[in-house]
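# Descriptive structure summary
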Amino acid sequence: MNYKRRIYNFQSHVKKRGFEGALIVPGSNFYYLTGLNPLGTLERLFVLIVPSQDSPTVIAPQIYEEELSEFDGEVILWSDSENPYKIFATKVRETFKESEKLLIDDTMPVGTFLKVQKVLDKYYPSSH
């Protein structure tokens, strides 16, 4: 499979619809775009950040390092001693300057979604 082509096509659709990017969690959408199917992520932050342009980034627990070695993009791993949402916040600020509109995977666990929303509200308070 040409996952690079799938990401590119996805980015084109995201941009065409006026979104700055997307946040995708492990599941069918993640698998379709990356060919990776990490299991057991549960409420731990594991997210694919796909800007409408530029390379995608995965932020994931360090235990998935080997599984993500095949990922064609940036991989940011976090350990249990770190706050993954601080890492996420930094990457979001770098990636999305305006953050007018982001697509969020509808399979994102609610606990993760609420924490992600808190980060987005903090850095982009007028985006809703």
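The structure under discussion appears in the preceding block.
What comes next concerns the included structure. It should be emphasised that the depicted structure is a prediction, and the values quoted were computed from it without experimental measurement.

With a phi angle near 75°, Asp 54 is a residue other than glycine that sits in the positive phi range. Structurally, Asp 54 is set in the loop between strand S2 (47-51) and strand S3 (57-61).

Read from one edge to the other, the open sheet built from five strands follows the order S4-S3-S2-S1-S5, with strand pairing classed as mixed. For this open sheet the edge positions go to strand S4 (74-78) and strand S5 (102-104), each flanked by a neighbour on one side alone. Adjacent strand axes in the sheet meet at a mean angle of 15°, parallel and antiparallel pairs treated alike. Both S3 and S4 contribute to a ladder of five bridges, which runs parallel. Looking across to S4, one finds that Ala 60 is bridged to Leu 77. Contacting strand S1 (21-24), S2 and S5, helix H1 (residues 3-16) runs over the sheet at an angle of about 65° to S2.

Once that is clear, we can look at the side chain of Ser 79. Here Ser 79 lies in the loop between S4 and helix H3 (84-95). What makes Ser 79 buried here is its relative accessible area of 18%. Here the side chain of Ser 79 touches Ser 81 through a polar contact of 3.0 Å, side chain to side chain.

This part takes up the pattern of salt bridges. Inspection of the entire model under this criterion finds four salt bridges. With its nearest N and O atoms 3.4 Å apart, the salt bridge here joins Lys 4 to Asp 72. Of this pair, Lys 4 sits in helix H1 while Asp 72 sits in the loop between S3 and S4, placing them 68 residues apart in sequence. By relative accessible area, Lys 4 is classed as exposed at 57%. Since its relative accessible area comes to 49%, Asp 72 is described here as partly exposed. Across the salt bridge formed by Lys 91 and Glu 74, the nearest N and O atoms sit 2.7 Å from each other. Linking Lys 91 in helix H3 with Glu 74 in strand S4, this pair joins segments that are 17 residues apart in sequence. Judged by relative accessible area, Lys 91 falls into the buried class, the value being 10%.

What counts, and at which threshold
- Residues numbered from 1 in each chain as written.
- Predicted model: local features only at pLDDT ≥ 70, side-chain atom pairs only at ≥ 80, totals over all residues.
- Heavy atoms only, no water.
- Helix = DSSP H or I, 4+ residues; strand = E, 2+ residues; numbered from the N terminus.
- Pairing = 2+ DSSP bridges.
- Axes fitted to C-alpha atoms, helices over the stretch in contact; angles between N-to-C directions.
- Contact = heavy atoms within 4.5 Å.
- Buried < 20%, exposed > 50% of the residue type's maximum accessible area, 1.4 Å probe, protein only.
- Polar contact = N/O pair within 3.5 Å; in protein donor to acceptor, adjacent residues only side chain to side chain.
- Salt bridge = Lys/Arg side-chain N within 4 Å of Asp/Glu carboxyl O.

What is shown is where atoms sit, not what they do.
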